[in-house]
Amino acid sequence: MKEKARAAPLFQVGLDGMRLPTGAQLGRLRKKFASVPALRLPGLLSPDLCRYLLEQIARFRFLADAAYDRPRNFKSPEVIVARTLSALLSEPTLCEAVGAVTARRVRTFSGVFSRHIQGGRQPWHGDIVKGQARVAGLAVNLSARPFEGGQFQLRRKHSVRPLATIPYEDPGDGCLFEIDRKWQHRGAPVLGPAPKILFVGFFYSGDAAGRPGIFRVEPARGSADAAS
Ligand SMILES: [Fe+2]
């Protein structure tokens, strides 16, 4: 992975620990999130963790039996890696910091790997599920190659113009966004042959209701809940 000169990430989860914002930085992030509830988190996953995950993802088969809504094969690498990464992102100090940014209580995280290819369509959606205490969504870029299009977009429900359009520039870059009835989001269409691969999921104020696994947005399947 090419290392660029970038500002030190405010949030960074690595194999040997994590970096979190200071109290003053959290205060600034909270104000920013209150204004537009979609926040770029460059370098959220450390380069060493990204390298490990990209090696794992290269072996994923993205099969239907490990699908997001039917994770029958709990021994598949997709599900094992998704559970491990979900556990890393559920670390209490990280959840506390995300709670400080979102001004809501956060206890845990659960996510899935998603693959989006050219021709797939994802409608605007809110990811509101009755009985699930979803506070915020998180999408992290884990694409081995740069892809065209596919930006994260957030809008006020039923408005036309996006309030935020956030590109996924490098592996490990994340996007944190609020889950609330006011908002809808989507992944813009992927425009080239390189697929967009993300780890996407939700921070919950209670027990996680998501099932770690795989979710796909491909032309034949249309689109569904949970991927961004
Ligand atoms: Fe979503």
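What you are looking at is a predicted structure, and each value in this text was computed from that prediction instead of being measured.

Caption draft 1: Main features of unusual backbone geometry. Phi at Ala103 takes a positive value of approximately 60°, unusual for a residue other than glycine. Mapped onto the elements, Ala103 comes out in the loop between α4 (92-102) and β4 (108-116). On the basis of neighbour count, Ala103 is assigned to the exposed category, with 11 C-beta atoms found within 10 Å. One non-glycine residue, His158, lies in the positive phi region at around 70°.

Caption draft 2: Structural context of the pairing of β4. Among the 9 residues that make up β4, 9 are buried, leaving the element largely enclosed by the rest of the structure. Across the two faces of β4 the burial is the same, with Thr108, Ser110, Val112, Ser114 and His116 and Phe109, Gly111, Phe113 and Arg115 all buried. Two strands pair when backbone bridges link them, and β4 and strand β10 (residues 196-204) are joined in this way by 9 bridges, in the antiparallel orientation. Bridge pairing in β10 places Ser114 opposite Leu198.

Caption draft 3: Quick peek at the sheet that holds strand β9 (residues 183-187). Spatial strand order, β7-β6-β9: 3 strands in an open sheet with antiparallel pairing. Either end of the sheet is taken by a strand with one partner, and the two such strands are β7 (164-166) and β9. Ignoring strand direction, the axes of neighbouring strands in this sheet form an average angle of 15°. Two strands pair when backbone bridges link them, and strand β6 (residues 152-156) and β7 are joined in this way by 3 bridges, in the antiparallel orientation. Paired with Leu154 across the bridge in β7 is Ala164.

Caption draft 4: A look at the nonpolar core. Counting 47 residues, the largest nonpolar core has Ala136, Leu138, Val140, Cys175 and Phe203 as the members making the most contacts within it. Of the residues forming this core, the biggest block, 7 residues, is contributed by β10. Those residues in contact with Phe203 that sit more than four places away from it in its chain are Cys95, Val98, Val106, Phe109, Val135, Ala136 and Leu138.

Caption draft 5: A look at the confidence of the model for the protein chain. Summary statistics for the protein chain give a mean pLDDT of 86 and a share of 83% for residues scoring 70 or more. Long-range and interchain partners of residues 65-70, a stretch whose pLDDT sits below 50, account for 18 contacts in this model, where long-range means more than four residues apart. Across residues 218-227, confidence stays below pLDDT 50; counting only partners more than four residues off in sequence or on other chains, it has 25 contacts.

Caption draft 6: Just the environment of Met18, in detail. Looking at the element boundaries, Met18 is found in strand β2 (residues 17-19). Between the C-alpha atom of Met18 and that of Glu91, which follows or precedes it by 73 residues, the distance is 9.4 Å. If we ignore the near neighbours within four places in the chain, the residues touching Met18 are Gln12, Val13, Glu91 and Leu94.

Caption draft 7: Quick peek at α4. Turning to α4, its buried residues number three or more, namely Cys95, Ala97, Val98, Val101 and Thr102. Projected onto a plane normal to the axis of α4, the buried residues spread over an arc of 160° and lie on a single side. Facing away from the buried side of α4 by over 90 degrees, the exposed positions are Pro92 and Thr93. As for α4, its buried residues are in contact with α1 (23-35), β4, β5 (134-141), β8 (174-178) and β10.

Caption draft 8: Structural detail: the packing of α1 against α4. Relative to each other, α1 and α4 sit at 50°, their axes nearing to 7 Å. Judged by the inter-axis angle, α1 sits oblique to α4. Taken together, the residues of α4 that come into contact with α1 (itself represented by Leu26, Leu29, Arg30 and Phe33) are Ala97, Ala100, Val101 and Thr102. Per-class residue counts for the contact of α1 with α4 are 6 nonpolar, 1 polar and 1 charged.

Analysis parameters
- Residues numbered from 1 in each chain as written.
- Predicted model: local features only at pLDDT ≥ 70, side-chain atom pairs only at ≥ 80, totals over all residues.
- Helix = DSSP H or I, 4+ residues; strand = E, 2+ residues; numbered from the N terminus.
- Buried ≥ 20, exposed ≤ 12 C-beta atoms within 10 Å, placed from the backbone.
- Pairing = 2+ DSSP bridges.
- Axes fitted to C-alpha atoms, helices over the stretch in contact; angles between N-to-C directions.
- Core = buried A, V, L, I, M, F, W, Y, C linked by C-beta atoms within 7 Å.
- Contact = placed C-beta atoms within 7 Å.
- pLDDT = per-residue confidence, 0-100.
- Arc of directions from axis to C-beta.
- Parallel < 35°, antiparallel > 145°, perpendicular 65-115°, else oblique.
- Nonpolar A, V, L, I, M, F, W, Y, C, P; charged D, E, K, R; others polar.

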